[in-house]
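A structural walkthrough
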Amino acid sequence: MGTLETMKDIFDNPNKIIEEWKKDGRKVVGHRCMYVPEEIIHAAGMLPYPTFGTPEPIKKADSYFQPCACEFVRNLFDLALDKKFGFLDSMVLCNTCDAVRHLYNMWDTYVDSVPCYMVNNPQKMYDESGFKFYRMELEKFKKLMEDLSGNKITDESLKKSIELYDETRKLLKELNDLRKRDIPAISGSEFLVTSMASMLMPKEKANPLLRKLIDEVKNREIKNADGPRILLTGSIIDNPTLIELVEDMGGVVAVDDLCTSAKYFWYTTKPNNDPMDAIVRFNLERTLCACAHPSEDRYDYLQELIREFNVDGIIYFNIKYCHPFVYESAIFRKKLEEEVPTLTLEVDHSLSGLGQLKTRVQAFIEML
Amino acid sequence: MATKVTTPGKKNLQTTLEIGKAIRAYYEGVKEAKSAGKPVIWSYGLVPREIFHAADAPVLYLEHLPLMIGAKQLSGRYIQLAEEEGFSRDVCAFHRCFLGCAVAKDRDPYLEKLFVSPDLIIASNLPCMSESKSFLYAADHHNCPYYFLDAPINTWGKDIPDYAIEYFAGQLQGAIDSMEEHGFKVDMDKLKESINLTKKMMGLWNEIDNCRKTVPTPMSTVDGITAAYPLIQLPGTQLGVTLFERLLEELKEKVEKKQGVIEDEKLRLMWFGVPPFYNMGLFNYVEKYGAVVVKSMVEYIAGGAFDPSKMDPKKPLESLAYKALVDIVNPTYPNMVDFIVKAVEEFKIDGLIGVVKRSCGLLPGYMRLVKDAVYKDKGIPTSIFDLDGLDIREYDDVTSKANLDSFVESLLASKRRQ
Ligand code: SF4
Ligand code: SF4
Ligand code: SF4
């Protein structure tokens, strides 16, 4: 099996990772955002596990949430009610959007089997007083993780975890750079699967695999690379179907700005003798998400992606009722369109209505 | 097919009419200030109003202007304009309406009387994502500077830790600095004094509430929503205190005379969610059953939950930070849910009406939590249905009334069985 297939296998069967990890009685802590400091969980000897949704229709969650909550969150809650996250020893959310705040409310009230914790992170970046506040919150979180795992988190163990996670980010970025070429070495959908598999895996396993993969694909050229180069952005995409759709319509997904991909690895932690301070600054010195401020920063970051990846067109895939991205796309639209054509599409997380989407994507790609 | 039959709410109190006049006078003042060359602030989110009053700053409030437009049934046109600018129906109708007002090339005469362009925007993410995003478009459109105050969500309940207060107090100081940079002078002595006035107002509001708890209630939410204006927009002002003193006096008299909003009060209801601003008469609609909507959750925004003894005039910014962070609308859920359960008990509520404004990221998420909590703790039922209180285009009078009919009838039937 080539490494791309190995990654796909991990992506398709994340249960294997859990089973192996839990064999020795180690704990797994679920989370739902790149602003949750995975390094702290890891330094306590536990596996940070990013929870993703499934494209299945929602069953129970709709009697808890109104239909106007983002479908991704309703889907996660459905899985939680269905005990699909029963393997988690705890769930951690952080202060991002209205929908996630309500996911916390619902989880804390109605899911007894897995306790849920909310990290209260500021939404304003680069603010020294915010760093101070966040430090207090992270100290609380660290203590909680120590209590949950029964392991003390030392500066040394935390530094090692930071190094390990940064290595994953660097490797993913190196792999992502291979998409800058006129004919990318890896397709958008392959990359998403690889990135998500790497997020799911213990990093001790992910890093050697990523190194091997870079070696394997560095001289490769994907087929069908003559189409326009697309930057994908918007709400979370936790399934390659939408990217495949763009590729099937002749687009080359040259880069994406998704929290299952570029957002996760774009920056690495700055050197700092105090590892907690390093994490504080890592999380509060990057405005990667539409939930965070200043949004001008995010605009600059999109510009950087456009330039570096030679982008011809942008597609926003916004999950219905995803306020952060629905606002952002409307706010950025005019400015972005002065640079490159931009298409904003509303999608269901369950990927219903793909037929209509196809038509719009196709028309956009033909126009480019 | 949807019919659009709307009526204004029937007010019962003299003082709420006076409050209406005070609102009009306020907007006239803002307009005059702008014409006299003074800078104007646009405020988004629950930024503590006391800092604006301490600077005598003319302010247009996102929470208020759309509601005024809505009450005149003009919201649809401006919401539509924002949609044409690319803001989908998924995002808050208040924000779409305000954005529509901001970008409109010609405004109808009513809006023209209220509208002034901003010289500075002060925005906060308290209590929702819409507050922290939509202003960016307005800032761009008007080429106007802004300051963003980050409010931590409340993960602590009633005791807000010092480090959170310190953080938000720092944000307030940042807002003050930004105001000073843009031509406003915040009088710190006035700000200190405003803490006492806010405490006094809150004490009066609690006494007003006590009157409303009596059976029959002398004041329904039709008056209550107008009366909440000083609570939300005039805290820290003598005018706010005076208006509440008058209101309390009027209510005391009614309580003494046992004068209720309706003669034979059979049912007491509470409203959770955005009120139907373009059709406040819907509240009166249930009166034909002997039902009265005694209270609305929105009457608690910006002031309902704080403990006045924790407000210290010597520490104005910390006091305001505490008041803002402990507010029931600041997520997460415990304060909101506890507060509603308590209100249901104290106001002797027979049924809760939960209306879902689909474009709101905040309130619809509470429906199930509140419904379960009031039922579990108090055995009181809740009826939940769709109603966008601001976007008149979404309003379906027949269905809304049918929903109210069936809920009220079922409450009456169960009362008869008791
Ligand atoms: S979209 Fe933003 S808030 Fe949501 S998971 Fe991604 S990074 Fe976190
Ligand atoms: S998809 Fe959007 S609304 Fe849903 S959880 Fe992510 S950021 Fe929040
Ligand atoms: S709380 Fe709801 S109605 Fe109020 S501004 Fe936020 S989204 Fe709009």
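The structure displayed is predicted, hence computed values, not measured ones. (Residues numbered from 1 in each chain as written. Chains lettered and ligands numbered in written order. Predicted model: local features only at pLDDT ≥ 70, side-chain atom pairs only at ≥ 80, totals over all residues. Heavy atoms only, no water.)

Looking now at the sheet that holds strand β8 (residues 342-347) of chain A. Residues and elements named next belong to chain A. The strand order across the open sheet formed by four strands is β6-β5-β7-β8, and the pairing between neighbours is parallel. Edge positions in the sheet fall to β6 (252-256) and β8, since each has one partner strand and no second. Pairs of neighbouring strands in the sheet enclose a mean axial angle of 30°, with direction left out of account. Summarising the sheet, strand β5 (residues 229-234) and strand β7 (residues 313-319) pair through five bridges and their orientation is parallel. By the bridge assignment, Thr 233 is partnered in β7 with Tyr 316. (Pairing = 2+ DSSP bridges. Helix = DSSP H or I, 4+ residues; strand = E, 2+ residues; numbered from the N terminus. Axes fitted to C-alpha atoms, helices over the stretch in contact; angles between N-to-C directions.)

Right, let's get into the interface of chain B and chain A. Quoted interface sizes are often the accessible area lost when the parts come together. At the junction of the two partners, chain B supplies 51 residues and chain A supplies 49 residues. If you look at where chain B meets chain A, you find three salt bridges. With a closest N to O distance of 2.9 Å, Lys 334 of chain A and Glu 85 of chain B form a salt bridge. Between chain B and chain A we count 27 residue pairs in polar contact (both at pLDDT 80 or more) in total. Going through the elements one at a time, α7 (129-133), α8 (135-141), β4 (146-149), α9 (162-181) and α16 (367-378) of chain B are the ones with two or more residues in the side of chain B that touches chain A. Tallying contributions element by element places α9 of chain B first for the side of chain B that touches chain A, with five residues. (Contact = heavy atoms within 4.5 Å. Salt bridge = Lys/Arg side-chain N within 4 Å of Asp/Glu carboxyl O. Polar contact = N/O pair within 3.5 Å; in protein donor to acceptor, adjacent residues only side chain to side chain.)

Per the stated rule, a full pass over the model turns up 32 aromatic pairs over all chains. An angle of 85° between the planes, with centres 5.6 Å apart, marks the rings of Phe 65 of chain A and Phe 77 of chain A as edge-to-face. With Phe 65 of chain A in the loop between β2 (47-50) and α4 (71-81) and Phe 77 of chain A in helix α4, the pair connects residues that are 12 residues apart, well separated along the chain. A relative accessible area of 0% means that Phe 77 of chain A is categorised as buried. Grouping aromatic residues by their ring pairs yields a cluster made of Trp 42, Tyr 44, Phe 98, Phe 115, Phe 135, Tyr 146 and Phe 148 of chain B. Over the ring of Phe 282 of chain A we find Arg 286 of chain A; its NZ or CZ atom is 3.8 Å from the centre of that ring. Taking NZ or CZ as reference, Lys 213 of chain B lies 5.4 Å from the ring centre of Phe 347 of chain B, over its face. (Phe/Tyr/Trp six-rings, centres within 6.5 Å; stacked < 30°, edge-to-face > 60°. Buried < 20%, exposed > 50% of the residue type's maximum accessible area, 1.4 Å probe, protein only. Lys NZ or Arg CZ within 6 Å of the ring centre and 35° of its normal.)

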